[in-house]
Amino acid sequence: MGRLTTHVLDTASGRPAAGLRILLKILDRPSGPPVEGVTNADGRLDKPLLEGEAFRPGCYELLFHVGDYFRARGVSLADPAFLDIVPIRFGIADDAHYHVPLLVSPYGYSTYLGS
């Protein structure tokens, strides 16, 4: 059965990004509310963003609220911040485990399809 998970690493501090808000928008079905979560001490969500009947092929967007995360840690950011909300748009085509990690600092980020 398919599922969608994520985790966030703060590459500026070399630690998991705990307390970072994440929203998942289902672009093919925009009428429903976004799925929301906050990362735990390991930089992960306590449960998958999608699984079971909610997990379906389609187009999705993750919104990582990195500006709020860095501000809460006392990082001095420009106004406006270079990175505030990091969007990642992706597609789910197969009934599989999709893992979308984010490596982030105040001035850059990267992602990939993890395992």
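To be clear, the structure that these remarks concern was listed above.
Keep in mind the model is a prediction, meaning the values are calculated, not measured.

1. Observations concerning the overall build of the protein chain
Then comes step 1: Within the protein chain, the regular secondary structure consists of one helix and 11 strands.
Then comes step 2: Along the protein chain, from the amino end to the carboxyl end, the secondary structure elements read β-β-β-β-β-β-β-α-β-β-β-β.
Then comes step 3: Whereas a compact globule of 115 residues would reach a radius of gyration of roughly 13 Å, the protein chain reaches 14 Å, a difference of no more than 12%.
Then comes step 4: Referenced to the eigenvectors of the C-alpha coordinate spread, the extents of the protein chain come out at roughly 40 × 25 × 20 Å.
Then comes step 5: By the burial criterion, 42% of the 115 residues in the protein chain qualify as buried.
Then comes step 6: A sequence separation of at least 24 residues applies to 62% of the contacts in the protein chain between residues at least 6 apart.
Then comes step 7: Surface summary for the protein chain: the accessible area is close to 6,400 Å², and the carbon and sulfur share equals 53%.
Then comes step 8: Charge centroids of the protein chain, computed over 11 positive and 13 negative side chains, lie 2 Å from each other.

2. Remarks on the pairing of strand S10 (residues 102-105)
Then comes step 1: With three bridges joining them, strand S2 (residues 8-10) and S10 adopt parallel strand pairing. Across the sheet, valine 8 pairs through a bridge with leucine 102, a residue of S10.
Then comes step 2: As paired elements, S10 and strand S11 (residues 108-111) share four bridges and run antiparallel to each other. Bridged to valine 104 within S11 is tyrosine 109.
Then comes step 3: The antiparallel hairpin formed by S10 and S11 contains two residues in its connecting segment.

3. Things to note about the nonpolar core
Then comes step 1: By size, the foremost hydrophobic cluster in this structure holds 28 residues, and its most contacted members are Leu4, Phe64, Val66 and Phe90.
Then comes step 2: When near neighbours in sequence (up to four residues on either side) are disregarded, leucine 4 contacts Leu24, Pro48, Leu49, Leu50, Phe55, Phe90, Tyr98 and Val100.

4. Quick notes on the environment of leucine 63
Then comes step 1: Along the polypeptide, leucine 63 turns up in strand S7 (residues 58-64).
Then comes step 2: Taking the C-alpha atoms as reference points, leucine 63 and valine 35, 28 residues apart in sequence, are found 10 Å from one another.
Then comes step 3: Sequence-distant contacts of leucine 63, defined by excluding residues within four places in its chain, comprise Arg21, Ile22, Leu23, Lys25, Ile85, Val86 and Pro87.

5. Some remarks on the sheet that holds strand S6 (residues 50-51)
Then comes step 1: Ordered by their spatial adjacency, three strands build an open sheet running S6-S1-S9, and the pairing between neighbours is mixed. Lying at the two open borders of the sheet, with one neighbouring strand each, are S6 and strand S9 (97-99).
Then comes step 2: The pairing of strand S1 (residues 3-5) with S6 spans two bridges and is antiparallel. Across the sheet, arginine 3 pairs through a bridge with glutamate 51, a residue of S6.

Rules behind the numbers
- Residues numbered from 1 in each chain as written.
- Predicted model: local features only at pLDDT ≥ 70, side-chain atom pairs only at ≥ 80, totals over all residues.
- Heavy atoms only, no water.
- Helix = DSSP H or I, 4+ residues; strand = E, 2+ residues; numbered from the N terminus.
- Rg over C-alpha atoms; globule rule 2.2 N^0.38 Å.
- Buried < 20%, exposed > 50% of the residue type's maximum accessible area, 1.4 Å probe, protein only.
- Contact = heavy atoms within 4.5 Å.
- Areas by Shrake-Rupley, 256 points an atom, 1.4 Å probe, with all protein chains shown as cover.
- Lys, Arg positive; Asp, Glu negative; His and termini not counted.
- Charge placed at Lys NZ, Arg CZ, Asp CG, Glu CD.
- Pairing = 2+ DSSP bridges.
- Core = buried A, V, L, I, M, F, W, Y, C linked by side-chain atoms within 4.5 Å.

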